[in-house]
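Below, each chain spelled out in residue letters.
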Amino acid sequence: TECLPCAAGSYTSEVGQMTCKECASGYVADGLSSSGSQTCEACSPGKVSSPNRTACLDCAAGRYSESSWDTCWRCPSGAVSAAAASACHACAAGSFSSEEATECLPCAPGSYNG
């Protein structure tokens, strides 16, 4: 019989292995090499690994990921983010946002946010 390449989302870096290991959360292996994956690559900040660990996906607007995770965290009230963000940005004085918002809104007449 012959040796088979590791499937997408898995790897092995050692000689003589009988199985491949699944990439950890926040890491991917595309499986495009004819020899299989020897390592998993970390997703960039603002991205998370797909459930099958084959691709990095952008966090949605209003969410962020600082480093290699499998979760995009919600921006808190008073902060916003664009898609694929590595951090949330605070709303300027005189404006506000709800949790997981994509834009800051101006305070209505008779109200403020300092």
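These remarks concern the structure in this document. In this text, all values refer to a predicted model and were calculated from it rather than measured experimentally.

With respect to the overall build of the chain
Next, step 1: Counting its secondary structure elements, the chain contains zero helices and 12 strands.
Next, step 2: Secondary structure of the chain in N-to-C order comes out as β-β-β-β-β-β-β-β-β-β-β-β.
Next, step 3: Seen along its three principal axes, the alpha-carbon backbone of the chain occupies a region of about 80 × 15 × 15 Å.
Next, step 4: For the chain, the residues scored as buried account for 27% of the 114 residues in total.
Next, step 5: By element, 54% of the accessible surface of the chain is carried by carbon and sulfur atoms, the whole surface being about 7300 Å².

Section: the state of the cysteines
Next, step 1: By the definition in use, this model includes six disulfides.
Next, step 2: The side chain of Cys23 participates in a disulfide bridge whose partner is Cys40; the two sulfur atoms lie 2.0 Å from each other. An S-S torsion of about -80 degrees defines the bridge between Cys23 and Cys40 as left-handed. Here Cys40 lies in the loop between β3 (27-28) and β4 (41-42) and Cys23 lies in the loop between β2 (21-22) and β3, a separation of 17 residues in the sequence.
Next, step 3: A residue is classified by how much of its surface remains accessible, and Cys23, at 2% relative accessible area, is buried.
Next, step 4: Looking at Cys40, the relative accessible area reads 19%, which means it is buried.

Calculation criteria
Residues numbered from 1 in each chain as written. Predicted model: local features only at pLDDT ≥ 70, side-chain atom pairs only at ≥ 80, totals over all residues. Heavy atoms only, no water. Helix = DSSP H or I, 4+ residues; strand = E, 2+ residues; numbered from the N terminus. Buried < 20%, exposed > 50% of the residue type's maximum accessible area, 1.4 Å probe, protein only. Areas by Shrake-Rupley, 256 points an atom, 1.4 Å probe, with all protein chains shown as cover. Disulfide = S-S within 2.5 Å.

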